[in-house]
There are 2 protein chains.
Amino acid sequence: MPSVTREEIERLDDKDPLGSARDLFHLPEGLIYLDGNSLGPPPKAAFAEIEKAMHTEWAEDLITSWNKAGWFMLTDTLGAKVAGIVGADDDELVVCDSTSVNIYKSLQAALSLRPDRKTIVTEAGSFPTDLYMVDGLRNFAPDIDVRLEGVDAPNLEDLIDDTTAVVLANQVNYRSGELRDVGALTARAHDAGALIVWDLCHSAGVMPVDLNQHGADFAVGCTYKYLNGGPGAPAFVFAARRHHEKLRQPLSGWWGHRQPFAFDVAYEADPGVRKFLCGTQPILSMRALKAGLDVFEQFEISAIRQKSMALTDLFIALVEEHCTEYGLELASPSDATLRGSQVAFRHAEGYAIMQALIERKLIGDFRMPDILRFGFAPLYIRYIDVWNAVEIMRDVLASSAWREERFAVRAAVT
Amino acid sequence: MPSVTREEIERLDDKDPLGSARDLFHLPEGLIYLDGNSLGPPPKAAFAEIEKAMHTEWAEDLITSWNKAGWFMLTDTLGAKVAGIVGADDDELVVCDSTSVNIYKSLQAALSLRPDRKTIVTEAGSFPTDLYMVDGLRNFAPDIDVRLEGVDAPNLEDLIDDTTAVVLANQVNYRSGELRDVGALTARAHDAGALIVWDLCHSAGVMPVDLNQHGADFAVGCTYKYLNGGPGAPAFVFAARRHHEKLRQPLSGWWGHRQPFAFDVAYEADPGVRKFLCGTQPILSMRALKAGLDVFEQFEISAIRQKSMALTDLFIALVEEHCTEYGLELASPSDATLRGSQVAFRHAEGYAIMQALIERKLIGDFRMPDILRFGFAPLYIRYIDVWNAVEIMRDVLASSAWREERFAVRAAVT
């Protein structure tokens, strides 16, 4: 006997306090989109923002839009919107550049504040760009030492000591969805006299982050996943106000100057978080992002987290009830409080299975070597989508449709 | 008696081989836009590209567009288009990040190829971000020495010696429009065993650059001026193929990995110019840029240069004929072969005058402390626009309209 019925699921949607949010997004007909943790769909308002940005601001007002349309300050005005979502103050966060570039700035800023310490502590299981940026930094600063969770010790906490300048940690692991305790790890870093950079790529917009409540030093994250800013929308960087005055970072372009339009020969950093800015930002992408961020002004992040936990709990329960006989193994924490808004299952033939699911219009993604990853964005994913997704999974797995040869051929880029 | 008549000017437009290009752009009614060297207007085709990018690629195809719409390779496909414009091979140039960030990568790459040399030579008169990026680099690498044209010697050439690792030079000065000889300065750097990074912000798209013909090592530039890519469209970076194997740069994000989607723990750089890539790029802005670059496939860059010289020669001649009695002083080279596609005049009250011209729908810009700067983009500026611009200038200067108090108040951001 099933643990839950379709009718019960429908009632969950009927009483969902976030139920009205879905209508704010454009979602393709018939698709179950469990990949918003890779690329969020467009808020409908984004279309109007982009139209206005191209037809009025660029085409008609041209150069005057840097002032008139507020282009030049989008780094700050969008930054203030992100700040509200991640628990920072408006003047502690700017939107600019990519997450990778912002990781570099943040690490260098932290090192500039801890000149007597030379160790960076991070995770071997991180999304790789974090590791690659650490590697690039070290290649040009050979006195820096790097210690990796998963290589040098099983836990980040065990690697932090009085040589640690900075810890770089993901709030949510990109593969497993495992959730770190921001408060506890920040406190552990501070107890050792170290600073911490939080990578919020897989958490911003889907759970409370409370950066200031936890005393975080720096944070970075992308805006094209749960913040629905559009493909490759610029990233963000947060620095706690107490660090603004003293920190330095090497990517000191003209946008970070105290007076960018004075065109001084000498660089003088903005006294605040704008010292993280470097060069000119891609305005059309920034204008689309505005619509993504505006959506969050209508909903409580705590309500989003509640629904996120309920969606992922339901998904795990239904998969375990209907699909585990086909060899799926949960690769995410089973306790929702320890989990982000994604669920990963392992299967040796994960790649082929995901291709077969995608053909059935259930979109998740595959991560090497064997992870089927499903993201649940509570603003537009309904409980009934979870039910329908598991029905498709069961069909595909039961029929062995995924064993067809065409699903085994990998695209060059996945 | 005037040296040229309005009828003669109209005949120049009638026989202009680039005359058809103007219709490819959207230009506001009644405006004379001599600021395309700051922000190019939209090619009409950009609207369709952006519509397709948002409504089809993002909204309907979502994550699949990274492959299906070629998003992931826009760095390279757009790069190849820019390469054709600046005289590079397709696989020597990528579009990514901002000019400032690319200056940093290029300087570090050059330093990585000259490990025994510690001096960077550049210009005090550069667009400031170049200087600021050098400053940021040096702050984190204190053994680097910087020598400035205009401070340490009157000419760049005199500063280059066997301690020089890299020269950073603008092909066209952003204020005066002064043009450097790319071949001669590159040869001078190479003779001393140094490398050179060319900043092409004010030359790409408006004159032949011939990077490979001149043996240039690295180049960077923006795409939102004469390439008409849209506000803040991503920049480009060029590296000569002979340097690809050995160079390193510290912003080694996942897009520059040999296999970005293998998600390896260890960074292994792409063997080619893609090793300059870092993080995820702003796709909507990239898609608009495509339309800007496509325009250049229809026109010869040598024809663009010919018209550029003719337009600026005409502008100078007409201003000198009609306006110099009002105190305007040419601040650009009078010889077109030594000048970019812009003309600068000094006037102590330049700011107020420019505001008054803008009110009359003649758009140029002001650069501190006293420069009125006018840019001539030959793809959409006609000879008659030059004539009309000078008529407006004469009217404004003769009437002293610019002395009204409202023109003297500066906006916070100009």
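Residues numbered from 1 in each chain as written. Chains lettered and ligands numbered in written order. Predicted model: local features only at pLDDT ≥ 70, side-chain atom pairs only at ≥ 80, totals over all residues.

What follows concerns the sheet that holds strand β9 (residues 329-330) of chain A. All names here are of chain A. Within the open sheet, the 4 strands sit side by side as β9-β10-β13-β12. Their pairing is antiparallel. The sheet is open, and its two borders are formed by β9 and β12 (365-367), each paired with just one other strand. Where β12 and strand β13 (residues 371-375) come together, 3 bridges link them in antiparallel fashion. The residue of β13 that forms the bridge with Asp365 is Arg373. Helix-sheet contacts for helix α11 (residues 301-322) involve β9, β10 (342-346) and β13, and the interaxial angle to β10 is about 25°. (Pairing = 2+ DSSP bridges. Helix = DSSP H or I, 4+ residues; strand = E, 2+ residues; numbered from the N terminus. Contact = placed C-beta atoms within 7 Å. Axes fitted to C-alpha atoms, helices over the stretch in contact; angles between N-to-C directions.)

Turning next to the relation of the copies chain B and chain A. For the match of chain B to chain A, the screw axis carries a shift of 0.0 Å, the RMSD comes to 0.0 Å, and the turn is 180°. In short, the pair behaves as if placed about a two-fold rotation axis. Taking C-alpha positions as the reference, the residue of chain B nearest the rotation axis is Ser285(B), at 2.9 Å. Both copies contact each other with a shared surface, as 100% of the interface residues of chain B are interface residues in chain A too. (Least-squares fit on C-alpha atoms with pLDDT ≥ 70 in both.)

We now examine the domain arrangement of chain A. Residue and element names in this part refer to chain A. By the assigned domains, chain A splits into domain 1 (6-30 + 300-408) and domain 2 (48-298). For domain 1 and domain 2, the distance between their C-alpha centroids amounts to 30 Å. Taken together, the 21 residues of domain 1 in the interface contact 14 residues of domain 2. Counting only elements with at least two residues in the side of domain 1 that touches domain 2, the list comes to α11, β10 and β13. Classifying every residue of the side of domain 1 that touches domain 2 by side-chain character gives 11 nonpolar, 6 polar and 4 charged. (Domains from an automatic or database assignment. Nonpolar A, V, L, I, M, F, W, Y, C, P; charged D, E, K, R; others polar.)

Tallying the contact residues gives 72 residues for chain B and 72 residues for chain A. Elements supplying a minimum of two residues to the side of chain B that touches chain A: α2 (44-58), α3 (65-68), α5 (99-113), α6 (128-139) and α10 (283-294) of chain B. Tallying contributions element by element places α6(B) first for the side of chain B that touches chain A, with 9 residues.

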